[in-house]
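Below, each chain spelled out in residue letters.
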Amino acid sequence: MKRIHLLLLAFCLAAACKKDDDKPAPEDKPKPGAELVKAVGEEVSAVDSLSSFAVYLGDLELSDAEAAAGVTVFAPVNSAFANASARLADPRGGQLREKLPDSSDLEDYVVKGIVGVDALTNGKKLTSLSGNTLTVTTEEGGDVRINGVLLSGKSVASGEKSVVHSLAGLLKKNPSLTVTVWDASRWTAAKPRGEVSAEATVSLYRTREDYASGKPPAYTAKTASNGEAKFKNLEAGTYYIVAQQEDKSSIFRESGLWSETPVEGVYLGYASDTLFQTQAEIDNGVYQAGAAQGNFRYLDANGDGRIDMNDFVALPYQSVVAEQGGAVSISILVGYSNNAQLGPLPDIAAAGTLLDAVYQAAAADFLTGTLLDGYLSDDAEANSGSWAAIDHFGFTPADNVFTGRWSIAYQSIMKLNRILRDVPEMAASSDKNTVIAQARALRAHIYLRLLAYFGNVPQLSGVIIPPDFSNGNSQQVYDDAIADLKAAVDVLPAKWDAQHAYKLSKGAANALLAKAYLMHKDYGNAANYARVVINSGTYQLLHDIGDVFKDNVNKEVIWDISDQAASAEFINYFARGTHCPIVRLGELYLIASESLLEKSGVSAEVVSDVTMLRIRQGMTAVSAGMTAAEIRAALREVWQKEMYREGSRFLCLQRWGIAQQVLGSKGYHTGNDLLPIPQNYMNLYPGIRQNPGY
């Protein structure tokens, strides 16, 4: 019996499975997007005047989200499809419907969401499924246009999730613009516009007021290797163009060349989109100061035959009108106000000449700085004359000595930046790398001297001073100067011949590193770099200190450029000889001794070095049994005598924290630890902040 029951159960199960197999498979439910596309296609097909466009709608794909929100379709009338019969066959048996006859996408005509006629108000912006902007404009009489194409009255079809508007023609595509940027600083007679500029930034502003107010541009793009910046899908309208490539610009933003602050909401300045090509143009044309071949020819806006500030025009000067459906191309020049002087250096010889000019300027600055340091400190006194205000701390930011030092420094930095911009691109030569190394070390030297006396100074990366020049990061200036010196050390020669003794050597770069680290009280590094120079065997102390200052080439001198710019005033002030070195071995022993004493206390090395210097000065020796305070006092005493009027006393008093004690009777107060930022630079560059106390 049990066996019969099992057979019956198996039979029933088999029958049930067979019954299920006979059921038809359930059909996939159409997706909402596909259903809506089908419905819209039927709506458009039902309108005779839109039948040509209906053919294309079969290819439309909608996401579930788009279907849920509904769609608005702008359907062109049949007359817009004059070439419809020429369409190629689609592999699926229909027609090739991926592009419309004007090569636009179907999605250009479809907008997510339902937008009725009443919502098509003037200026309204709609975004098509392809991402393009559709701009609504209305006219007197009630006409409505979409991207300039007339809308044919009321909507011609609508459903629960769709509305269809009839257009009198194909949509005009949003404008496109190609801006070609030319680097005018690379002008030659064979290159009348210079060279195309890669990696330039092109900015489009809707108004000149937007540019003046600092409002972000409406569009920006970078140029490719062919100098072209391409803008697609712009909104129609007028745009004002600004191009920038590093420190080269289409707007001349230097003092005297523009208004520096907006006038009635816009900047004013010189405008130009052409260059002087020949000397005949310069000689026979409108008078322009500083005109040279390859320089910009400014617009004679008032037509008086002379370029001056009466020719200032609203900036940005160049503009372009982007019309619906249009494709516009325009060229723009970037460069310097003086391409002839700031353009690429022609060869290594020109770079060497420029480098020598910086050495000469650095010499003048060093000697002026040495005078300044002496009168600021107790090394010298001036009860009358041009240095009296310095000596009695009665100076102001307007004093010429400060402006002069900054002007020499930043003019030199601009020249060095030009060398460092151009020489690396030149062909290999025997002195290419040493020119680069000298430029880096000289730039570091200039920055370190500025930092020592003025503290928070601006850093300049190009060959002109930009209007946003500011002094926000002195630590970065210091770090970059250290990096420049370290890079130079690896390349500079150990010694130059007598003819080139004014040039920076490996020992000079290491000595400048020691001085820089001491300035920041980085005693470990200061001692190490001082010892590198001391132990190099290249230099040695002279027995008679007076012999050091007789010429610029002797065994103790590490770097001396004083003969490049020595004046009668300085020689009378210095009184120790005709040459004042920037750095010498005696100072390196002082740096090493102070650094080791402050870092590790009294040591045999400190005692030996301090004693050696004191004996040379006719002073008593120090001993290992003396305290650190006693050694420190003896060291500071010999430092003053050893480096008398060599331009380091004021900085030493600051570093030792005794400036108020020593200089208080001269008028010094704590606010004088840094000198004032020159007022002239404050006026020209609002981003520069004054030091406290001025």
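S.K.: Give me the sheet that holds strand 6 (residues 149-150): which residues, what numbers.
M.R.: Hydrogen bonding along the main chain pairs the strands of a sheet, whether they run parallel or antiparallel. Within the open sheet, the four strands sit side by side as 3-4-5-6. Their pairing is antiparallel. This sheet does not close on itself; its edge strands, each paired only once, are strand 3 (125-127) and strand 6. Both strand 3 and strand 4 (residues 133-138) contribute to a ladder of three bridges, which runs antiparallel. Across the sheet, residue Leu-126 finds its bridge partner in strand 4, namely Leu-134.

S.K.: Talk me through the packing of helix 11 (residues 432-454) against helix 13 (residues 506-519); I want residue IDs and the actual numbers.
M.R.: Each packed pair of helices is defined by two parameters, the angle between the axes and the distance between the axes. Packing of helix 11 against helix 13 brings their axes to within 11 Å, and their N-to-C directions diverge by 25°. As summarised for this structure, helix 11 and helix 13 are arranged roughly parallel, according to the angle between their axes. Seen along the crossing, helix 11 lies across helix 13 with a hand that is left-handed. Across the interface between the two elements, His-445, Leu-448, Leu-451 and Ala-452 from helix 11 touch Leu-512, Ala-516 and Met-519 from helix 13. Here the residues of the contact of helix 11 with helix 13 sort into six nonpolar, one polar and no charged.

S.K.: Before we move on, could you go through helix 8 (residues 348-376) and cite the residues and values that matter?
M.R.: Since the α-helix advances by 3.6 residues per turn, residues separated by three or four positions end up pointing in the same direction. Taking 1.5 Å per residue, 29 residues should reach 42 Å; helix 8 reaches 41 Å between its end C-alpha atoms and fits that length. The backbone nitrogen of Ala-349 lies 3.2 Å from a side-chain oxygen of the residue at the head of helix 8, namely Asp-347.

S.K.: Which residues make up unusual backbone geometry, and what are the values?
M.R.: A cis amide bond links Leu-315 to the next residue, Pro-316, at an omega of -5°. The topology assignment puts Pro-316 in the loop between strand 17 (313-315) and strand 18 (319-322). Phi angles above zero are rare outside glycine, and Glu-246 is one such case at about 55°. Looking at the secondary structure, you find Glu-246 in the loop between strand 14 (237-245) and strand 15 (248-249). You can call Glu-246 exposed: its relative accessible area is 60%. At Phe-393, a position not held by glycine, the phi torsion is positive, near 55°. By secondary structure assignment, the location of Phe-393 is in the loop between helix 9 (388-391) and helix 10 (400-422).

S.K.: So what's going on with the sheet that holds strand 1 (residues 71-76)? Residues and values would help.
M.R.: Strand order in the open sheet formed by four strands is 2-1-8-7, with mixed pairing between adjacent strands. Looking at strand neighbours, the two that pair on one side only are strand 2 (110-112) and strand 7 (157-159), the edges of this open sheet. Looking at each pair of strands side by side, their axes are set apart by 15° on average, direction ignored. As paired elements, strand 1 and strand 2 share three bridges and run antiparallel to each other. Its bridge partner lying in strand 2, Thr-72 is registered against Val-111. Set on the sheet, helix 2 (residues 32-45) makes contact with strand 1, strand 7 and strand 8 (162-167); between it and strand 8 the angle comes to about 40°.

So, how was this worked out
- Along each chain, residues carry numbers from 1 onward, in the same order as the chain's sequence is written.
- Local features in a predicted model are, by the rule used here, given only for residues with pLDDT of at least 70; side-chain atom pairs are given and counted only at 80 or more, and totals for whole chains, interfaces and linings are based on all residues.
- Excluded from the side-chain calculation are hydrogens and water; included are all heavy atoms of the structure.
- Paired strands, as defined in this entry, are two strands with at least two bridges between them according to DSSP.
- What counts as a helix is a DSSP run of H or I of at least four residues, what counts as a strand is a run of E of at least two, and both are numbered from the N terminus.
- Think of each axis as a best-fit line through the C-alpha atoms, taken over the contacting stretch in the case of a helix, with angles from 0 to 180 degrees between the N-to-C directions.
- The labels follow the angle: roughly parallel below 35 degrees, roughly antiparallel above 145, roughly perpendicular from 65 to 115, and oblique for the rest.
- If you view the pair so one helix is near and one far, a crossing is left-handed when the near helix is turned anticlockwise from the far one by less than a right angle, and right-handed when it is turned clockwise.
- Residue contacts follow a heavy-atom distance rule, with two residues in contact if any of their heavy atoms lie within 4.5 Å.
- Note on residue classes: Ala, Val, Leu, Ile, Met, Phe, Trp, Tyr, Cys and Pro are nonpolar, Asp, Glu, Lys and Arg are charged, and everything else, Gly too, is polar.
- The span one expects for a helix is its residue count, reduced by one, times 1.5 Å.
- Pairs of N or O atoms are called polar contacts if they sit within 3.5 Å, as long as, within protein, a hydrogen donor faces a hydrogen acceptor (for residues adjacent in sequence, only side-chain-to-side-chain pairs).
- Each residue's exposure class comes from its accessible area (1.4 Å probe, protein chains only) as a fraction of the maximum for that residue type: buried when under 20%, exposed when over 50%, partly exposed otherwise.

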